[in-house]
Each structure stands twice: as structure tokens, then as C-alpha cells.
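Fold and geometry: a report
Each chain, letter by letter, is given below.
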Amino acid sequence: MAKTNSFAILAPVPEMHLLSALETMEKLENELNDETIKVAFGSMAFEVFRKADELRGDKEVEVLIYASNCVNQPLNSEAAWQGLYIGHGNSRNGRYAGKSQFRPPSTLTDKPTWAIFWEVKELKPLKSPIAVAALKALGKKTNFTSRFIPEGPLLIEYY
């Protein structure tokens, strides 16, 4: 599937869920044959993901992930993970409506309060993190500040 270069997504995800997601994807590689290996993260930002789906058409979207709640949080914000956004779905009573195997085990203690779940494949840590200050919101003229901390997913200019 093709990837769009017209925009990307910047999203915060707790570090413990990212680490747990890596384990989930590794396990899925051994279990799934022809199904997409992906993980699903919960969000209340359904408008952002609806807009992303509208803009992307049938293409995948690059996602930069800011690891929130890190043990060693850097002074200046940075996206230290990346993946490919492949879509989202509405929750069922706040829970993921898809197969539970796509949810990182660390999320089992989450309260069932999410509006949607967004799915990512090819999730991995970046070799060199990208400073959030090097990025800008979609349609904006200036970059984020060096101390800007994303508190929810944002559509950004493709970097």
C-alpha cells in the first residue's frame, strides 16, 4: 500500500504501552500468517483521526510518536518512535472492537473510556529521535516550540 506525503501524525503514547506493543508485535509475527501485524491505541481525539482518514484516502500515514510518561524524559520534546497509521475504528462501550491480540498487554488496566482506537503497523523506535521543534502543525507557518509537549494526536506537515 502506498504512503501519503501530504501530512503525518504526531501522537503521544505512554512509553510503557510502546514497549508492550513491541512485544505484542513480536508475538503476532509468530502467530499470524496473512493478517496485518498491528497494534491499537485508544484515543478520545476522534476528530483528528476522522480528518486523517479523510485526507489520506486509501494511503498509509507516517506516525511520529512522542513517548509520554518516560522514565528519562528529555528536556526538549522529541518523537522517539514511528509507525504507519492504517486506520481507526469506533470503540464498543469504550473498549477495542477488534481482536484483543492487537492491544498491548500493558493496556489491560486502562479504564474502558476510549472513543476510538487507532491502528499502527511497523511500530519501532527511531534510531535518531526527531525534535518536536523541527515539526509544525498541518497548515501552520511556524514550528512547535522546543518545550511543546503533545497532549493528544495532531496532524502535522510531512517532515
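Residues numbered from 1 in each chain as written. Predicted model: local features only at pLDDT ≥ 70, side-chain atom pairs only at ≥ 80, totals over all residues. Heavy atoms only, no water.

With six bridges connecting them, strand 2 (residues 38–43) and strand 5 (residues 116–131) associate as antiparallel partners. Within strand 5, the position partnered with Val-39 by the bridge is Val-120. (Pairing = 2+ DSSP bridges. Helix = DSSP H or I, 4+ residues; strand = E, 2+ residues; numbered from the N terminus.)

Time to look at the nonpolar core. Residues Ile-9, Leu-18, Phe-41, Ile-65, Tyr-85, Trp-118 and Leu-123 are the most contacted members of the largest nonpolar core, which totals 24 residues. Put simply, the parts of the chain that give this core at least two residues each are strand 1 (8–14), helix 1 (15–31), strand 2, helix 2 (46–56), strand 3 (61–68), strand 4 (78–90) and strand 5. With residues near it in sequence (within four places) discarded, Ile-9 still touches Phe-49, Ala-52, Val-61, Glu-62, Val-63, Leu-64, Tyr-85, Leu-154, Leu-155 and Ile-156. Ala-79, Leu-126, Ile-130 and Val-132 belong to the second-largest nonpolar core, a separate cluster that totals eleven residues. (Core = buried A, V, L, I, M, F, W, Y, C linked by side-chain atoms within 4.5 Å. Buried < 20%, exposed > 50% of the residue type's maximum accessible area, 1.4 Å probe, protein only. Contact = heavy atoms within 4.5 Å.)

What follows concerns the side chain of Glu-60. Here Glu-60 lies in the loop between helix 2 and strand 3. Reaching out from Glu-60, the side chain makes a polar contact with the side chain of Lys-121 at a distance of 2.7 Å. Not counting chain neighbours up to four residues away, the residues in contact with Glu-60 comprise Met-1, Ala-2, Lys-3, Thr-4, Leu-84, Tyr-85, Ile-86 and Lys-121. (Polar contact = N/O pair within 3.5 Å; in protein donor to acceptor, adjacent residues only side chain to side chain.)

Before going further, it helps to examine helix 2. Of the positions making up helix 2, those classed as buried are Phe-49, Ala-52 and Arg-56. For helix 2, the arc enclosing every buried residue in end-on projection is 55°, short of the 170-degree limit, so these residues lie on one face. Those residues of helix 2 that are buried lie in contact with strand 1, strand 2, strand 3, strand 4, strand 5 and strand 6 (154–156). Directly beyond the C-terminal end of helix 2, a positive phi value near 65° is found at Gly-57. (Arc of directions from axis to C-beta.)

As for its placement among the helices and strands, Thr-24 is situated in helix 1. Once the C-alpha coordinates of Thr-24 and Ser-6 are considered, the two residues, 18 residues apart in sequence, prove to be 30 Å apart. Setting aside anything within four residues of it in sequence, one finds Thr-24 in contact with Val-39, Gln-101, Phe-102, Arg-103, Pro-104 and Pro-105.

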